[in-house]
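Chain by chain, the residues run as shown.
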Amino acid sequence: MPTCEECKSFFAFDEDPLKGDCVTREKDQKSSYWISRPTDAFTDTEGCPRFISRDDNSKKVEDLAEEEHPIVDYIHRG
Ligand code: SF4
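A few points on the structure.

About the criteria used
- Residues numbered from 1 in each chain as written.
- Predicted model: local features only at pLDDT ≥ 70, side-chain atom pairs only at ≥ 80, totals over all residues.
- Pairing = 2+ DSSP bridges.
- Helix = DSSP H or I, 4+ residues; strand = E, 2+ residues; numbered from the N terminus.
- Axes fitted to C-alpha atoms, helices over the stretch in contact; angles between N-to-C directions.
- Contact = placed C-beta atoms within 7 Å.
- Buried ≥ 20, exposed ≤ 12 C-beta atoms within 10 Å, placed from the backbone.

1. Section: the sheet that holds strand S3 (residues 32-40)
Then, in step 1: An order of S1-S2-S3 is seen for the three strands of this open sheet, with the pairing classed as antiparallel. Only two strands of the sheet have a single partner each, and these edge strands are strand S1 (10-12) and S3. Ignoring which end each strand starts from, the neighbouring axes of this sheet average 30 degrees apart.
Then, in step 2: For strand S2 (residues 19-27) and S3, the ladder comprises nine bridges, and the chain directions are antiparallel. Of the residues in S3, the one forming a bridge with Lys 19 is Asp 40.

2. Some thoughts on the environment of Val 23
Then, in step 1: Tracing the backbone shows Val 23 in strand S2.
Then, in step 2: It is 12 Å that separates the C-alpha atoms of Val 23 and Asp 73, two residues lying 50 residues apart in sequence.
Then, in step 3: In this view, Val 23 contacts Ser 9, Phe 11, Trp 34 and Ser 36; residues no more than four positions away in its chain are not counted.

3. With respect to the environment of Phe 51
Then, in step 1: Note that Phe 51 resides in the loop between S3 and helix H1 (71-77).
Then, in step 2: Judged by the 23 C-beta atoms lying within 10 Å of it, Phe 51 falls in the buried class.
Then, in step 3: In sequence terms Phe 51 and Val 61 are 10 residues apart; their C-alpha atoms lie 8.7 Å from each other.
Then, in step 4: In contact with Phe 51, other than residues within four places in its own chain, are Pro 2, Cys 7 and Thr 45.

These figures come from the coordinates and say nothing about function on their own.
Listed below in structure tokens is the structure:
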């Protein structure tokens, strides 16, 4: 199963590469902006609507700005 570490939105922390930020592009009626949320490298991302494999050259993070929120939003809310 894919993990956050395999996703283009994952940016590992220098001090601890097992932790990082999930960075996504968002868009509303007025503007586009970036959101950063804490996540772990080994979080199971099955079904995450924002997952894009690092090997996938056909999609950029910005392309999914209008998709549902990433799965870490739901995991961290419990
Ligand atoms: S939560 Fe989803 S979008 Fe965020 S890093 Fe993990 S797989 Fe990628």
